[in-house]
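Architecture and fold: a report
Residues per chain are reported as follows:
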Amino acid sequence: MSDKQRVVIFSSILSNRLNYVLETIFEQRLKVSYILTDNTQLINSNDVVIEYNKVSTTDYDFIEADDFIQQRELTDGFRPGISGEEEELLLFPTESSVFSMDIFSAVFYCLSHYDAYIQKEFDAHHRVKFDKWFPRKSGLDRLPYVEIWQDKIKNYLEIRGLSCHVPAFEQDISFDIDHIYLMDQRPFFQHIKASIGDILKLNFFQLFHRWLIILGITEDPAEKFFDLLDYNFKNRFNFFILMKHGKNNSLNPLNELKKLLIKKLKKHGEIGIHPSYEASYKTDLIQKETNQLTEIVEYKITESRFHFLRINFPSSFHQLISAGIKTDKSIGYYDQPGFLSSTCLPYQFFDPVKNEVTSLFIEPFVWMDSMNKYYRDLDEKEEKSELMNYKSIVRKYNGKFNVVFHNDSMIDRRYRKLLKSLLYN
């Protein structure tokens, strides 16, 4: 037998859900060796052993397993038990467990986006209505609870002599490029339609500005985004490009000038695909759009974020995998900040419908500029305070602080200031 110290989860439970959670916590995050076994002969004298069963059968420290971890199908209307608050919040609480909860069921529930599969109400864009979202109603989205619970395990192991990995805090700022131009490069009939709209709204200044742009006398306001990037040339960003033109998509069709500006973004960071509004429900579009973008930037596209955050669970993620996408950054709220999956670190996508883990990694985001532009009414000071508070929370738990801007938000001084506050604080 090996004399290397390791974690042993002593359990008779056979479950893909459990295997996924153990791999995520021990292998990917804490980076410690572990085995799952019900054979006591495989246990070494210096192993750190935790029994995980419905009923304790040994003298090892014990976690009482909920039936949830063994299930292979979704349970309609399921809601886990919850108690406590703030950093002491417990999911699947149980008095007999060493951590006062079934920590493995709790982690699976959060990382699987379980509630998304049993939701019955959707908004006009067929997105989950988050006023019915259990993680929001219960407070699970206020803190990165997976990291909090993971730290309980880490502290437990370190007291017993095991050294665990501690990740470094990271910040990832990305831009969704819905419209490289706001007024320019549209079909002529759209210029006429937009101009009639300006007249009907008595917005003569915008009408005048629009035609200065159309006639090539002044630049489109969205082009200032590239000036901002040049100013912040030392910083690297991620850019998610929307390729499709039309309703609920880009204002501008793909042309040679637009392709040139997409290529220009390469010197400022990495390019990813922003699958179009229809892509979640039309299986061929993600591959088609990814291929188009690959041809333009001349390297393989491996990252994505869905336009409108419009996700069809779980098929949208399988479409990404088929298109060669390795990482998706679509998991986050569209209407307010928070930890939608109760974590601020990447994790593999587990499909609870097929009951299997996939090769796709999810990187959740915490904050998006459009939350406050379209869904809430915070003043500039409140918005900055909220954003920096979330950054401090993620820093506290050594997470990855993913935030999302849109390139056209950079027209607004308010959002330029917010971006700079993130870069220099």
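First, a word on what this report is: a plain description of the structure on this page.

Definitions and cut-offs
- What you see as residue numbers is a count from 1 along each chain, following the sequence as written.
- Residues qualify for local features only when their pLDDT is at least 70, as the model is predicted, and side-chain atom pairs are given and counted only at 80 or more; totals for whole chains, interfaces and linings, by contrast, use all residues.
- Side-chain figures throughout are based on the complete set of non-hydrogen atoms in the structure, without hydrogens or water.
- Excluding any residue in a salt bridge, patches collect residues exceeding 30% relative accessible area, merging like charges within 9 Å and nonpolar Val, Leu, Ile, Met, Phe, Trp and Tyr side chains within 5 Å.
- Only the protein chains shown count as covering a residue, and every accessible area follows the Shrake-Rupley method with a 1.4 Å probe.
- Salt bridges, as used here, are contacts in which a Lys or Arg side-chain nitrogen is within 4 Å of a carboxyl oxygen on Asp or Glu.
- We count a stretch as a helix when DSSP gives it H or I for four or more residues in a row; a strand needs E for two or more, and each element gets its number in order from the N terminus.
- Each residue gets one of three labels from its accessible area relative to the maximum for its type: buried under 20%, exposed over 50%, partly exposed in between, using a 1.4 Å probe on protein chains only.
- Contacts between residues were defined by any pair of non-hydrogen atoms, one from each residue, lying within 4.5 Å.
- In the cavity and pocket records, a cavity denotes points on a 1 Å grid over the protein atoms alone where a 1.4 Å probe fits but cannot get out, a pocket denotes an open set with protein on both sides within 12 Å along at least 5 of 7 lines, and lining residues are residues with an atom within 4 Å of a point.
- Grid points are joined across faces, edges and corners, and a volume is the space filled by probe spheres set on the points.
- Nonpolar residues are Ala, Val, Leu, Ile, Met, Phe, Trp, Tyr, Cys and Pro. Charged residues are Asp, Glu, Lys and Arg, and all others, Gly as well, are polar.
- For two strands to be treated as a pair, DSSP must find no fewer than two bridges joining them.
- Helix axes are fitted only over the stretch in contact, all axes being lines through C-alpha atoms; the angle between N-to-C directions runs from 0 to 180 degrees.

Re a nonpolar patch on the surface
A surface patch of nonpolar side chains, about 420 Å² in accessible area, is lined by Phe188, Ile192, Ile196 and Leu200. Among the secondary structure elements, Leu200 is positioned in helix H6 (residues 188-200).

Observations regarding the environment of Glu303
Tracing the chain through its elements places Glu303 in strand S10 (residues 303-304). According to the relative accessible area criterion, Glu303 is buried, its value standing at 19%. Dropping the residues within four chain positions of it, Glu303 is found in contact with Asn238, Phe240, Gly272, Ile273, Ile325, Thr327 and Lys329.

Brief notes about empty space enclosed by the protein
Scanning the model with the defined rule gives one cavity of 30 Å³ or more in all. In this structure, the largest cavity spans a volume of roughly 50 Å³. Forming the boundary of the largest cavity are Tyr109, Cys110, His113, Tyr114, Asp115, Trp133, Pro135, Leu140, Leu340, Ser341 and Ser342. For the lining of the largest cavity, the per-class residue count stands at seven nonpolar, three polar and one charged.

Overview of the sheet that holds strand S4 (residues 61-64)
Spatial ordering of the open sheet is given by S2-S1-S3-S4, a layout of four strands whose pairing is parallel. Since the sheet does not close on itself, it has two edges, and those belong to strand S2 (34-37) and S4, each with one partner. Ignoring strand direction, the axes of neighbouring strands in this sheet form an average angle of 25 degrees. Relative to strand S3 (residues 48-53), strand S1 (residues 7-10) runs parallel, the two being bridged by four bridges. Pairing of Ile9 across the sheet is with Ile50, part of S3. Relative to the sheet, helix H1 (residues 16-30) contacts S1, S2 and S3, its axis offset from that of S2 by approximately 160 degrees.

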